[in-house]
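Letter by letter, the chains look like this.
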Amino acid sequence: MHSGFNSLLRSFAVPVLVLGIGLLTACGGGHKPSDYVRFIEDPANGFVQSATKGSTSLECIYLPTDYMAVQYFKRNDIDRSEYEKVKNDMKNTLYFKIIIHGLKDMQVPQGYFDFGFQQQIEGTLAGADLKPAFYLPEPDNTMKDEKQILIGFPVEKTPSKCDITIHWIDETDVFFSFTKLNENLPSVKI
């Protein structure tokens, strides 16, 4: 009688154990660093906005502090204390990446993106207009038809909203508006 009960118990125990481990892993909280980067860069999740000006398209991506810290390490096996230190060092800046596609037709010189374009960007945070305190254009790569620029605005804490205005080359403006910056962010599993 006991062998039938033990056999029945074993037949249920393995699937229940596998299901339990699966649920614990799924509920373990957070994305691995590489998955977190993909999540932020996926337009469906609301952290990427796009605009078009003639034959040029612009993207603006909100980069939370966790994203910047993950990108600093560029790997999944990150030491928690090192991660927290890097994240703490970056906490007083609100980061965005601007990607401009279709530049070959415009023939804009690299020097413009190195120096002049920074003056064309404004952010509005908590009602105050700010210029980027951090501006890093990628080096010239004439093989690519795009330009990526990392910008940052000084903050004491992440605001709930940030508007970015780019005074474009044709003297019109391109607007991006990010709301609920500190909501709907997944956690990073370190």
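Below or above, wherever it landed, is the structure these notes cover. The model shown is predicted, which means the values in this text are computed figures rather than measured ones. (Residues numbered from 1 in each chain as written. Predicted model: local features only at pLDDT ≥ 70, side-chain atom pairs only at ≥ 80, totals over all residues. Heavy atoms only, no water.)

### Describing the environment of Ile190
Put simply, the rule is: Every helix listed is a DSSP run of H or I at least four residues long, and every strand listed is a run of E at least two residues long, numbered separately from the N terminus. For every residue, the accessible area obtained with a 1.4 Å probe (protein chains only) is divided by the maximum for its type, and the residue is called buried under 20%, exposed over 50%, and partly exposed between those limits. Pairs of residues are marked as contacts when any of their non-hydrogen atoms sit within 4.5 Å.
On the secondary structure map, Ile190 appears in the segment after β9 (173-179). Judged by relative accessible area, which is 30%, Ile190 ranks as partly exposed. Considering only alpha carbons, one finds Ile190 and Ile78, 112 residues apart in sequence, at a separation of 6.2 Å. Once residues lying within four places of it in the same chain are set aside, the contact partners of Ile190 are Pro33, Ile78, Asp79, Arg80 and Tyr83.

### Observations regarding the pairing of strand β6 (residues 134-137)
Just so we agree on the cut-off: For two strands to count as paired, DSSP must find a minimum of two bridges between them.
Burial along β6 is one-sided: the face carrying Tyr135 and Pro137 is buried and the face carrying Phe134 and Leu136 is not. In the sheet, β6 pairs with strand β7 (residues 146-154) via 4 bridges, with the strands oriented antiparallel. Among the inter-strand pairings, Tyr135 is bridged to a residue of β7, identified as Ile151.

### Here's the deal with the packing of aromatic side chains
Note the threshold: Note on aromatic contacts: the rings of Phe and Tyr and the six-membered ring of Trp form a pair at centre separations within 6.5 Å, being stacked when their planes are under 30 degrees apart, edge-to-face when over 60 apart, and tilted otherwise.
Here the structure, examined in full by the defined rule, presents 11 aromatic pairs. Through a chain of ring-to-ring contacts, the aromatic side chains of Phe39, Phe47, Tyr62, Phe96, Phe153 and Phe178 assemble into a single cluster.

### Some details on the pattern of salt bridges
Stated precisely, the cut-off is as follows: By convention in these notes, a salt bridge is any Lys or Arg side-chain nitrogen within 4 Å of a carboxyl oxygen on Asp or Glu.
Within the structure shown, the criterion is met by 6 salt bridges. The shortest N-O distance in the salt bridge between Arg38 and Asp35 comes to 2.4 Å. Within this pair, Arg38 and its partner Asp35 are both found in helix α2 (residues 33-41), separated by 3 residues, close to a single helical turn. Accessibility expressed as a relative area gives 51% for Arg38, which makes it exposed. Residue class for Asp35 comes out partly exposed when judged on its relative accessible area of 27%. The residue Arg80 makes a salt bridge to Glu84 at a minimum N-O spacing of 2.9 Å. Note that Arg80 and Glu84 are positioned in helix α4 (residues 80-90) at a spacing of 4 residues, about one turn of the helix. On the accessibility criterion, Arg80 (41% relative accessible area) is partly exposed. Relative accessible area serves as the criterion here: at 34%, Glu84 is assigned to the partly exposed category.

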